[in-house]
Amino acid sequence: MPAGVRNPRLGRLRRHPVLSLTAALLLLAGAVLGGRWAYGVLFPPALSCGPGMTAVGTPRACVGVNLATTPFTKGEPERMRKLEDTIRTANQAVKGNSTSVVLMLNLSPVEDVDTLTYESIYHNIEGAITAVWRADNTAAYGSTPGVKLYLANMGSQYASWQETVASIKKNAESEHISAVVGLGQSTEQTRQAAAAISSQLHIPVIGSTVTGNSMNVDPSDPAGKRPIPDMFRVSPTNTDSVIAANQYVTGLRPAVTSLAVVADSVADDDYTATLAAEAKTRFQAPDRTVTVLPYTSPRDLPRGAGRQDYLIQQFNLMHANLCQAAPSVVYFAGRGRDLGAFVQNWVQGTPCGIAQLRILVGDDASEAIRDEAVLKGVASGRVTVAYTALASPDEWGTECPGSDAKRNYDQFWSAFTGRPDPCTKQPLATNRAGAALLSFDPADLASGQAMLTHDAAVAAISAARHDEAGLKNPGLETGILHQFYCAQMLPGASGWLSFGPDGNPVGKPAPIVQLGPDGTTNTVTLAWPSSAPNLSLPQRGGTGAPGC
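For the structure given in this document, a descriptive report is provided here. Computed from a predicted structure; not experimentally measured.

### What about the pattern of salt bridges?
Then, in step 1: Using the criterion set out here, one finds 18 salt bridges in the structure.
Then, in step 2: The salt bridge involving D85 is made with R81; its shortest N-O contact spans 3.9 Å. A residue pair is termed a helical-turn pair when its members lie 3 or 4 positions apart in one helix, as D85 and R81 do in helix α3 (residues 78–93) at four residues.
Then, in step 3: Assessed through its relative accessible area of 21%, R81 is described here as partly exposed.
Then, in step 4: For R407, the salt bridge goes to D404, with nearest N and O atoms at 2.5 Å.

Structure below.
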């Protein structure tokens, strides 16, 4: 344009300042939005969380209620994604009135920091899916309302339990959430979460593998006696577990005259604390020496810091004292994920005249049934490993038709695997045309966790279906759960479900399970720590069920 010649468009803009300002703002907005788009393309977010969740921590993980079943972590395992897809498909098939059960766990474990694995998470999710599938597709637990399942993540070490409880509270009414099940491990964080759900939502919280003695005690009670009003659990307590272990030890021949308790003294872990406390007293017996050998597992290790190395160092120092005690049995009162470090140290440590060490562990040993160090130790012949399981797939035997408890398990097994009933050989009948069968691997039942999470979800679903008013006021369902006792027991995979006044299970067995060098498990005996065998509903004229 020649010098001195004005642009007529600029002249018009000068004569209209409002138009000029609008044009400038549009140009600026376009630049900003374009810049954000370009930045998003060049530097994508580390993790995008779906509705009901927020990103926290390092590494990043989504915590809260997973309403759209999106990934919890970047690069989430494919098997986890498949389970989430199964839940999404099942939820979409539920029409009309519905109730929702939330499975709340640590669903983003960090390797070598958390003491649970994705493997155990899969089993818990599969158990919950099976319970909901049976409720929606068979006559096992009624027919209405329909049931949806949501997963809720408390994050690594359950550190984000507050965000998760807040998300459950925010979505409880819109999603008809009537109960929370699972919880995971017996830690102070999970106890705080259970108490918060009870006090803020007044809905049932049903632990599946929560065994710590104090887990149902309100943490706000200075006296440590007031129970959490809405908390229940389907697994035996640590007291029952140690009673069962002592029954087993007492029956061993030759008699056990020396026993060592390897006790974790880490703070804020109710599982290890109460297990060790019970073991120190309940194994005491005439003509038996009990030696306590303490260690302390790490509370807060950064990722990659090496939990295994940290513990091997302690167990290496413990070795001489363990040899000095020369126990016939070692009771390992620690987390199952730490058992590998103990076994490895014993097998590779200095020999001290003990040809084979017999190790007995609490129920958390289910986390170690695929631990390479543990399996190599068993294969070497230097150790044997047995544990008091909360449930076991062969605890009811193999005879057909077997007890009523076995028939309950067989129905569960058929639904879990999608295969015909193992005794009747009949395919599982469904009450919904075209219902796709589940097809989970029977090997996933070895840890017993799928059975227990199934049973926790069954209790929640049964409570919701016994009270239609619960759709509007889920808090009423706590009262329904308290009615499941004596003759009104619920059929579960791990045994008949019956709750005492404190929400603890009544009349539950404790299988003693032997671990093989290939990771297989075998129930060697079935202990009944708090009752006589409870295999059937009470019959007229017969002996009443536990709690009657």
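### Here we look at the environment of H454
Then, in step 1: The topology assignment puts H454 in helix α13 (residues 449–465).
Then, in step 2: Taking relative accessible area as the criterion, H454 reaches 0% and is therefore assigned buried.
Then, in step 3: Spatially, the C-alpha atoms of H454 and F412 are 8.7 Å apart, while their sequence positions differ by 42 residues.
Then, in step 4: Not counting residues within four places of it along the chain, the set of residues in contact with H454 comprises G127, A128, T130, A131, R134, Y141, F412 and A493.

### Quick word on the sheet that holds strand β2 (residues 61–66)
Then, in step 1: If you walk across this open sheet you meet the seven strands as β1-β2-β4-β3-β5-β6-β7, and the pairing is mixed. The sheet terminates laterally at β1 (53–56) and β7 (231–233), the two strands that pair on one side only. With strand direction ignored, the average angle separating the axes of adjacent strands in the sheet is 25°.
Then, in step 2: Here four bridges tie β1 to β2, and the two strands are oriented antiparallel to one another. Bridging across to β2, V56 finds its partner in A61.

### Some words on the state of the cysteines
Then, in step 1: For the structure on display, the rule yields three disulfides.
Then, in step 2: Between the sulfur atoms of C323 and its disulfide mate C352 the distance is 2.1 Å. A torsion of -75° about the S-S bond marks the disulfide between C323 and C352 as left-handed. Residue C323 is found in helix α9 (residues 307–325), and its partner C352 is found in the loop between α10 (339–348) and β11 (357–361); the two are separated by 29 residues along the sequence.

### Overview of the packing of α10 against helix α11 (residues 372–380)
Then, in step 1: Between α10 and α11, the shortest axis-to-axis distance is 8 Å and the interhelical angle comes to 35°. Helix-helix and strand crossings are classified by hand; for α10 and α11 the assignment is left-handed. Residue-level contacts link L339, G340, V343, Q344 and V347 of α10 to A373, V374, G377 and S380 of α11.
Then, in step 2: The residue inventory of the contact of α10 with α11, partitioned by class, reads five nonpolar, four polar and no charged.

### Overview of the environment of E395
Then, in step 1: Residue placement: E395 occurs in the loop between β12 (383–388) and α12 (404–417).
Then, in step 2: When its relative accessible area of 7% is taken as the criterion, E395 is described as buried.
Then, in step 3: Expressed as a C-alpha distance, the spacing of E395 and I512, which sit 117 residues apart in the sequence, is 8.8 Å.
Then, in step 4: Look past the residues within four positions of E395 in its chain and what remains in contact with it is M451, S494, P509, P511, T523 and L526.
Then, in step 5: Polar side-chain contacts of E395 include one of 2.8 Å to the backbone nitrogen of S392.

Thresholds, definitions, all that
- Residues numbered from 1 in each chain as written.
- Predicted model: local features only at pLDDT ≥ 70, side-chain atom pairs only at ≥ 80, totals over all residues.
- Heavy atoms only, no water.
- Salt bridge = Lys/Arg side-chain N within 4 Å of Asp/Glu carboxyl O.
- Helix = DSSP H or I, 4+ residues; strand = E, 2+ residues; numbered from the N terminus.
- Buried < 20%, exposed > 50% of the residue type's maximum accessible area, 1.4 Å probe, protein only.
- Contact = heavy atoms within 4.5 Å.
- Pairing = 2+ DSSP bridges.
- Axes fitted to C-alpha atoms, helices over the stretch in contact; angles between N-to-C directions.
- Disulfide = S-S within 2.5 Å.
- Left-handed = near helix turned anticlockwise from the far one by under 90°.
- Nonpolar A, V, L, I, M, F, W, Y, C, P; charged D, E, K, R; others polar.
- Polar contact = N/O pair within 3.5 Å; in protein donor to acceptor, adjacent residues only side chain to side chain.

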